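Reading the structure
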Amino acid sequence: MLDKKIIIALDYDSITDVDSLCNQINPTQCRLKVGKQLFTRYGGSIIKNLQNQDFEIFLDLKFHDIPTTVYKACRAAFDLGVWMLNIHIQGGERMIKAALKARDESNPSGKLIGVTALTSLNNDDLSIYNFNERSSLVNHLALKAYNCGMDGIVCSPGDISKIGISDDDFQYVTPGIRLNQNKDDHEQAFTPQDAVKLGASYLVLGRAVTESDNPDATIKSIIKSID
Ligand code: C5P
């Protein structure tokens, strides 16, 4: 069976809303992303709760700190049995290697992926990095992640072709997916079909699914469209 490509972002404040969505969707068809908002309110108990319903979890906490602290935080996260975790590549090589060590000691099959440059950074924000273009910074950080042995990166589908890594095992986790013309707060948005054509390994979908009338039917139609 093909790996599940769909990751649903649980951008909620309340466990009631999480339960309501989870009762309508199927863990054989998608995985779930838990971010800072939900994790800060409920901690590890929300992860266990979702795992007990057979959902696999991408814990999106984007760690960025000194290597020792990131090592300990990644140990704690992988000890929860999460399927995927992310850190900022900008934390540097020693921090990345500390995170990989934590993953290997706790849960070797867990995936550790890197955040390159946040899509919300504008040219002024990026000027401190001494890169003329956003894509050069993204490329530099993607290569750093790859050379350190990370499993992949979070990026826009539009970034993938500009990244000079030819290794089918390196994974691209892509937010900014839309089923219609509505981009919400994304600079660029892509349909699931276009994202997959551009090389996306996993599609992160929030509002397009969670605010749809029938989340289960929406997920099924996305899966059909990218088959
Ligand atoms: O509702 P929407 O599909 O826009 O949700 C996108 C999800 O992807 C949110 O959870 C957001 O935090 C996340 N995201 C991300 N990295 C980005 C852009 C969005 O993890 N560069």
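Located above this text is the structure these notes cover.
For the structure given in this document, a descriptive report is provided here.

**Focus: the environment of valine 18**
With respect to the helices and strands, valine 18 occurs in helix H1 (residues 15-22). Judged by relative accessible area, valine 18 falls into the buried class, the value being 1%. C-alpha of valine 18 to C-alpha of leucine 50: the two residues are 32 residues apart in sequence and 9.2 Å apart in space. In contact with valine 18, not counting residues within four places along its chain, are Leu10, Tyr12, Leu38, Ile46 and Leu50.

**Brief notes about the packing of aromatic side chains**
Within a pair of aromatic rings, the relevant descriptors are the distance that separates the centres and the angle that separates the planes. As enumerated under the stated definition, the model contains 3 aromatic pairs in all. Measuring from ring centre to ring centre gives 5.3 Å for tyrosine 146 and phenylalanine 170, while their planes differ by 85°; the resulting arrangement is edge-to-face. Of the two residues, tyrosine 146 is situated in helix H7 (residues 134-148) and phenylalanine 170 in the loop between strand S6 (152-154) and strand S7 (171-174); the sequence distance between them amounts to 24 residues. Judged by its relative accessible area of 30%, tyrosine 146 is partly exposed. Centre to centre, the rings of phenylalanine 170 and tyrosine 172 are 5.7 Å apart; their planes meet at 85°, and the pair counts as edge-to-face. Of the two residues examined, phenylalanine 170 and tyrosine 172, each falls in the buried class. Each residue in the set Tyr146, Phe170 and Tyr172 is aromatic and connected to the rest through ring pairs, giving one cluster. Looking at arginine 31, its charged tip hangs above the ring of tryptophan 83, at a distance of 4.0 Å from the centre.

**Considering the layout of surface pockets**
The probe, sized like a water molecule, is rolled over the atoms to show the empty space still left. By volume, the largest pocket is sized at about 980 Å³. Along its surface, the largest pocket is lined by 34 residues, and Thr119, Pro175, Gly176, Asp185 and His186 are the ones closest to its centre. Of all elements in the fold, only strand S3 (57-63), strand S8 (202-205) and helix H9 (207-210) reach the threshold of two or more residues within the lining of the largest pocket. Per element, the largest residue contribution to the lining of the largest pocket is 3 residues, and it comes from S3.

Each value, and the rule that gives it
- Residues numbered from 1 in each chain as written.
- Predicted model: local features only at pLDDT ≥ 70, side-chain atom pairs only at ≥ 80, totals over all residues.
- Heavy atoms only, no water.
- Helix = DSSP H or I, 4+ residues; strand = E, 2+ residues; numbered from the N terminus.
- Buried < 20%, exposed > 50% of the residue type's maximum accessible area, 1.4 Å probe, protein only.
- Contact = heavy atoms within 4.5 Å.
- Phe/Tyr/Trp six-rings, centres within 6.5 Å; stacked < 30°, edge-to-face > 60°.
- Lys NZ or Arg CZ within 6 Å of the ring centre and 35° of its normal.
- 1 Å grid on protein atoms, 1.4 Å probe; cavity = no way out; pocket = protein on both sides within 12 Å on 5 of 7 lines; lining within 4 Å.
- Points joined across faces, edges and corners; volume = space filled by probe spheres on them.

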